[in-house]
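# Coordinate inspection notes
Chain residues, written in single-letter form:
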Amino acid sequence: ALAVMMLAGCSLVTVNEEKIVVATVGDETITKADFNEGFNALLSQYGYTQDSEEIADQLKTLKENYIAQMVEDKVLERKIKELGLDQVTDEEKAAAEQEIQDWYDEQYAALVENFKTVEDPEAKAAETIENYLSQYGLTLDQMKENSVASISSDKLYDYVTKDVTVTEEEAKIEFANKVAAAKEKY
């Protein structure tokens, strides 16, 4: 009876992943729940789960790389706010959304043309794009949201690189060095 009660009691214990901190950046934390949500979404884009045998030997490295990326993202968010680059105007938002809509419209038009011999080519084109986006766990609206969200990161990149210049000669030297290193490694 004691063993049955112990087993029954074990199933009642739950772990609140919102309270487990896996990383801290300044005064912000990344919880295990945050990590698992993002990491599982990333894996699902490639058709895997954390239990997939195909990636079992790589899982530790994948997790380490993903948490490092999450920390880097938090650091960048903090710098963006510090520099005041987190303010997005209505015009910037509209332009980012329009860029994604233009991409969608271009793909849609090309697919309608490709499916012109099929019954209801417009529906087939829309279905094809939706299937493509769903492979990445996205919808058109989510793509637009992601595009708007990247505006501040783009501003940070522009801020950091505004005074950086590279001469043609420097580019050629760097290219030659990379080719030589690749040949040596190969």
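Let us look at the structure shown here. No experiment lies behind these values; they were computed from the predicted model shown. (Residues numbered from 1 in each chain as written. Predicted model: local features only at pLDDT ≥ 70, side-chain atom pairs only at ≥ 80, totals over all residues. Heavy atoms only, no water.)

Along its length, the protein carries eight helices and two strands. In the protein, the succession of α and β elements from N to C terminus is α-β-β-α-α-α-α-α-α-α. For 186 residues, the compact-globule formula gives about 16 Å, and the C-alpha radius of gyration of the protein, at 24 Å, lies well above that figure. Across its three principal directions, the C-alpha atoms of the protein cover 75 × 55 × 45 Å. Partitioning the contacts of the protein with sequence separation of at least 6, the portion at a separation of at least 24 is 54%. Per element, the accessible surface of the protein, about 14200 Å² overall, is 53% carbon and sulfur. Computed over 18 positive and 40 negative side-chain charges, the separation of the two mean positions in the protein equals 6 Å. (Helix = DSSP H or I, 4+ residues; strand = E, 2+ residues; numbered from the N terminus. Rg over C-alpha atoms; globule rule 2.2 N^0.38 Å. Contact = heavy atoms within 4.5 Å. Areas by Shrake-Rupley, 256 points an atom, 1.4 Å probe, with all protein chains shown as cover. Lys, Arg positive; Asp, Glu negative; His and termini not counted. Charge placed at Lys NZ, Arg CZ, Asp CG, Glu CD.)

Next up on the list: the environment of Asn131. Within the secondary structure, Asn131 is located in helix α5 (residues 121-135). Placed 45 residues apart in sequence, Asn131 and Ala176 show a C-alpha to C-alpha distance of 42 Å.

We now examine the pairing of strand β2 (residues 28-31). As paired strands, strand β1 (residues 21-25) and β2 are joined by four bridges and run antiparallel to one another. Directly across from Ala23, in β2, lies its bridge partner Ile30. If you look at the hairpin formed by β1 and β2, you'll find two residues sitting between the two strands, and Gly26 has a positive phi there, around 65 degrees. (Pairing = 2+ DSSP bridges.)

Turning our eyes to something else, we now look at the side chain of Ser152. Checked against the element boundaries, Ser152 lands in helix α7 (residues 151-161). On the basis of relative accessibility, which here comes to 9%, the residue Ser152 falls in the buried class. Within the structure, Ser152 has its side chain in polar contact with the backbone oxygen of Leu85 (distance 3.1 Å). In contact with Ser152, other than residues within four places in its own chain, are Ile80, Leu85, Asp86 and Val88. (Buried < 20%, exposed > 50% of the residue type's maximum accessible area, 1.4 Å probe, protein only. Polar contact = N/O pair within 3.5 Å; in protein donor to acceptor, adjacent residues only side chain to side chain.)

As a further point, take the packing of helix α3 (residues 59-82) against α7. Between α3 and α7, the shortest axis-to-axis distance is 10 Å and the interhelical angle comes to 75 degrees. By the angle between their axes, α3 is roughly perpendicular relative to α7. Only Ser152, Ser153 and Leu156 of α7 make contact with α3, whose side of the interface consists of Leu76, Lys79 and Ile80. (Axes fitted to C-alpha atoms, helices over the stretch in contact; angles between N-to-C directions. Parallel < 35°, antiparallel > 145°, perpendicular 65-115°, else oblique.)

Glancing now at unusual backbone geometry. Unusually for a residue other than glycine, Asp120 sits at a positive phi of about 55 degrees. You can see Asp120 is positioned in the loop between α4 (90-114) and α5. Taking the relative accessible area as the measure of exposure, Asp120 reaches 44% and is therefore partly exposed.

Take a nonpolar patch on the surface next. A cluster of nonpolar side chains, Val15, Ile20 and Val22, forms an exposed patch at the surface whose accessible area comes to about 230 Å². For Val22, the position within the fold is in strand β1. (Patch = residues over 30% accessible without salt bridge, like charges linked within 9 Å, V, L, I, M, F, W, Y side chains within 5 Å. Salt bridge = Lys/Arg side-chain N within 4 Å of Asp/Glu carboxyl O.)

Turning next to the packing of aromatic side chains. For any two aromatic rings, the description comes down to two numbers: the centre-to-centre distance and the angle of the planes. A complete count under the given rule lists five aromatic pairs for this structure. Taking the centre distance of 5.2 Å and the plane angle of 15 degrees together, the rings of Phe35 and Phe39 count as stacked. Of this pair, Phe35 and Phe39 are both found in helix α2 (residues 32-45), four residues apart, which corresponds to roughly one turn of the helix. When the centroid spacing of 5.3 Å and the interplanar angle of 65 degrees are considered together, the rings of Tyr132 and Tyr136 count as edge-to-face. Taking the relative accessible area as the measure of exposure, Tyr132 reaches 41% and is therefore partly exposed. In textbook terms, an aromatic cluster arises when at least three aromatic residues are bridged by ring pairs, as seen for Phe35, Phe39 and Tyr66. Over the face of the ring belonging to Phe115 we find Lys124, whose NZ or CZ atom lies 5.8 Å from the ring centre. (Phe/Tyr/Trp six-rings, centres within 6.5 Å; stacked < 30°, edge-to-face > 60°. Lys NZ or Arg CZ within 6 Å of the ring centre and 35° of its normal.)

Functional significance is not addressed by these values, which are geometric in nature.
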